[in-house]
Amino acid sequence: MIWQQLQSIAGSYPLALRGLGMTVVLSLISLVLGTLLGFGLGILRTGGNRLISGAIGAWVDLIRGTPFLVQIFLIFFILPELGIELDAFTAGIIALTNLAACFICEIVVAGIRSVPTGQVEAALASGLSRWQRMRQVVLPQAMRIVLPPLVGQYVLLIKDSSVVSAIGLTDLTRVGWLVVQRVPNGLLVFFLVGLGYFIVCYPLIMLARRLEQRMGAAHGEVQL
Amino acid sequence: MTNPSKNGTGMIEFRGVNKWFGQLNVLKEITLSVEPREVVVVCGPSGSGKSTLIRCINGLETIRDGDLVVDGQRLGDAATNMTRLRTEIGFVFQSFNLYPHKTALENVTLAPIHVRKIPRIEAEKAGRELLAKVGLADKVNAYPAQLSGGQQQRVAIARCLGMRPKIMLFDEPTSALDPEMISEVLDVMVAVAEEGMTMMVVTHEMGFARKVAQRVVFMDAGAIVESGTPEEFFSNPKTDRSRAFLSKILRH
């Protein structure tokens, strides 16, 4: 019986590949956009402007404090009510990018704040502009703190992408739902779905671990 | 010898400057003029406001009232470009504050390349010369973590000199150093002074003051209590507070 079910599942491998592809494409686009946006938000958040900083802080708290499923429903079902038509793929990208940006913003802020004030003062004293201080002195040192949790966050976001199946995108999770209707063995099907995610995430987990070790050993420790 | 009585020509001019940290009056009615090429040593007990005094000059601290004019520009004026002015003022920190992710040479060339827009090759040539001048020709590619405290502080001085500043400020440059490393840093500072740099140095190194300073300023509780030539100040301190201070630091 298991044998028959396995054969039947194997028959739907084109669908599974499509699902895996969707998961990877969706995650990849959102992570790249979310990283860029997250760094931008993090830098603005630590800048001098209280209003901007406060607004970003409030938005980040709001996103971190609500379920991703609710956010994706709001974007996919509510925005069209306001006249903004989105296909499921675009809605998924927007929701995931926003989520990624908010978490990455917090990681970047923590990294920037970990750089000793003396470093900023030294850069200030030698006449570097705001952007030069950030680019040449603060960010390179903040990256030591930022990189390991950043990669860890990527893993969480790839897994969170499974929520987009709720608005009908055929990602890996939704493929699981489709297949399980033909092959009534949920345990087997979703074991394979889980394995799919694991195969994508595991290299990143390893990367995060290696970065953590390398960063600890690299130059950049501030003496004193 | 410079003439401190000349008015308005000072490289650094404090006129009735006050500063508060909350309720605490950390600088009280400071009036002080530093002439071009003059070397002024600032000393006093800890918490007397000496570091705050020199940190005001390059805008690391802001003043509440009074005038502070540096290189002809009044701080706090809309017309004064603080970032531009800072390029003319070198600042040496007690804790060095070298960029840990950059080599000694990169520490020295960063601001010349990005702020002065000097071509990299030229900046590196000048940077190597400066590092050789402070006795670190063999440490050009070392990272700060690979250098001793004395070596780091010499790189920090070279980093300031790389900008060809008009003024150099030193905030207790030898206080964080092991005793055997103090003289290597002081030697470099003496060399800089002898080239005619305008300098304000917060330090308790009285040997350095005797050797190169034209003036010693003694501060206590945020005010300038006494000011005079090193000769006058050390041999004949005028106030009880300066006598008490000198007896403490000169005892050993």
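**What about empty space enclosed by the protein?**
Tallied over the entire structure, the rule returns two cavities of 30 Å³ or more. In this structure, the largest cavity spans a volume of roughly 100 Å³. The wall of the largest cavity is formed by 13 residues, among which A122, A125 and S126 of chain A together with F91 and C160 of chain B lie closest to the centre. The residue inventory of the lining of the largest cavity, partitioned by class, reads eight nonpolar, three polar and two charged. Quantified by volume, the second largest cavity comes out at close to 30 Å³.

**Regarding the sheet that holds strand 10 (residues 223-228) of chain B**
All names here are of chain B. A sheet is described by the order of its strands in space; here six strands give the open sequence 6-7-8-3-9-10, paired in mixed fashion. A strand with exactly one partner marks an edge of an open sheet, and here the two such strands are strand 6 (89-92) and strand 10. Geometrically, the sheet is characterised by an average inter-axis angle of 15° between neighbouring strands, direction not taken into account. One ladder, built from five bridges, connects strand 7 (residues 167-171) with strand 8 (residues 198-202); its direction is parallel. Counterpart to I167 in the pairing with strand 8 is T198. Across the sheet, helix 6 (residues 179-194) touches strand 3 (39-43), strand 7 and strand 8, and the angle it forms with strand 8 is around 150°.

**A word on the interface of chain A and chain B**
Contacts between chain A and chain B engage 21 residues on the former and 27 residues on the latter. Together, the buried faces of chain A and chain B total about 2000 Å²; carbon and sulfur atoms form 62% of this surface. Applying the counting rule to chain A against chain B returns one salt bridge. Among the salt bridges present, the one from E121 of chain A reaches R55 of chain B, with a minimum N-O distance of 2.6 Å.

**Re the pairing of strand 2 (residues 24-34) of chain B**
Residue and element names in this part refer to chain B. As paired strands, strand 1 (residues 12-21) and strand 2 are joined by seven bridges and run antiparallel to one another. Within strand 2, the residue paired with V17 across the bridge is I30. Here strand 1 folds back onto strand 2 in antiparallel fashion, the turn holding two residues, of which G22 has a positive phi close to 60°.

**Digging into the environment of I224 of chain B**
All names here are of chain B. By the element assignment, I224 lies in strand 10. Along the primary structure I224 and V42 are separated by 182 residues, whereas in three dimensions their C-alpha atoms are 9.4 Å apart. The residues contacting I224, other than those within four sequence positions of it, are I30, T31, L32, V217, F218 and M219.

**Describing the side chain of Q132 of chain A**
Residue and element names in this part refer to chain A. Note that Q132 resides in helix 7 (residues 130-160). On the basis of relative accessible area, Q132 is assigned to the buried category, the value being 15%. There is a polar contact of 2.8 Å between the side chain of Q132 and the backbone nitrogen of S129.

**Comments concerning the environment of L187 of chain A**
All names here are of chain A. Inspection of the secondary structure puts L187 in helix 9 (residues 186-217). Here L187 falls in the exposed class, since its relative accessible area comes to 73%. When the C-alpha positions of L187 and L15 are compared, they lie 19 Å apart, and in sequence the two are 172 residues distant.

**So, the packing of aromatic side chains**
All names here are of chain B. For the structure shown, the criterion picks out eight aromatic pairs over all chains. When the centroid spacing of 6.0 Å and the interplanar angle of 35° are considered together, the rings of F218 and F233 count as tilted. Remark: F233 occurs in helix 8 (residues 230-235) and F218 occurs in strand 9 (residues 215-220); sequence separation between them is 15 residues. Exposure class is identical for F218 and F233. Each is buried. In this structure an aromatic cluster arises from ring pairing among F218, F233, F234 and F245. Lying across the ring of W20, R64 places its NZ or CZ 4.1 Å from the centre.

**A few points about unusual backbone geometry**
In this model, D71 of chain B sits at a positive phi of 50°, which is unusual for a non-glycine residue. Mapped onto the elements of the fold, D71 of chain B is located in the loop between strand 4 (65-70) and strand 5 (73-74).

**A closer look at the packing of helix 2 (residues 13-46) of chain A against helix 3 (residues 50-64) of chain A**
Residues and elements named next belong to chain A. Running from N to C, helix 2 and helix 3 point in directions that differ by 130°, and their axes come no closer than 7 Å. One element, helix 2, and the other, helix 3, form an angle in the oblique class. Considering how the two elements wind past one another, helix 2 and helix 3 form a crossing that is left-handed. Residue-level contacts link L41, L44 and R45 of helix 2 to I52, S53, I56 and G57 of helix 3. In the contact of helix 2 with helix 3, the residues fall into four nonpolar, two polar and one charged.

So, how was this worked out
Residues numbered from 1 in each chain as written. Chains lettered and ligands numbered in written order. Predicted model: local features only at pLDDT ≥ 70, side-chain atom pairs only at ≥ 80, totals over all residues. Heavy atoms only, no water. 1 Å grid on protein atoms, 1.4 Å probe; cavity = no way out; pocket = protein on both sides within 12 Å on 5 of 7 lines; lining within 4 Å. Points joined across faces, edges and corners; volume = space filled by probe spheres on them. Nonpolar A, V, L, I, M, F, W, Y, C, P; charged D, E, K, R; others polar. Pairing = 2+ DSSP bridges. Helix = DSSP H or I, 4+ residues; strand = E, 2+ residues; numbered from the N terminus. Axes fitted to C-alpha atoms, helices over the stretch in contact; angles between N-to-C directions. Contact = heavy atoms within 4.5 Å. Buried area = accessible area lost by both parts, 1.4 Å probe. Salt bridge = Lys/Arg side-chain N within 4 Å of Asp/Glu carboxyl O. Buried < 20%, exposed > 50% of the residue type's maximum accessible area, 1.4 Å probe, protein only. Polar contact = N/O pair within 3.5 Å; in protein donor to acceptor, adjacent residues only side chain to side chain. Phe/Tyr/Trp six-rings, centres within 6.5 Å; stacked < 30°, edge-to-face > 60°. Lys NZ or Arg CZ within 6 Å of the ring centre and 35° of its normal. Parallel < 35°, antiparallel > 145°, perpendicular 65-115°, else oblique. Left-handed = near helix turned anticlockwise from the far one by under 90°.

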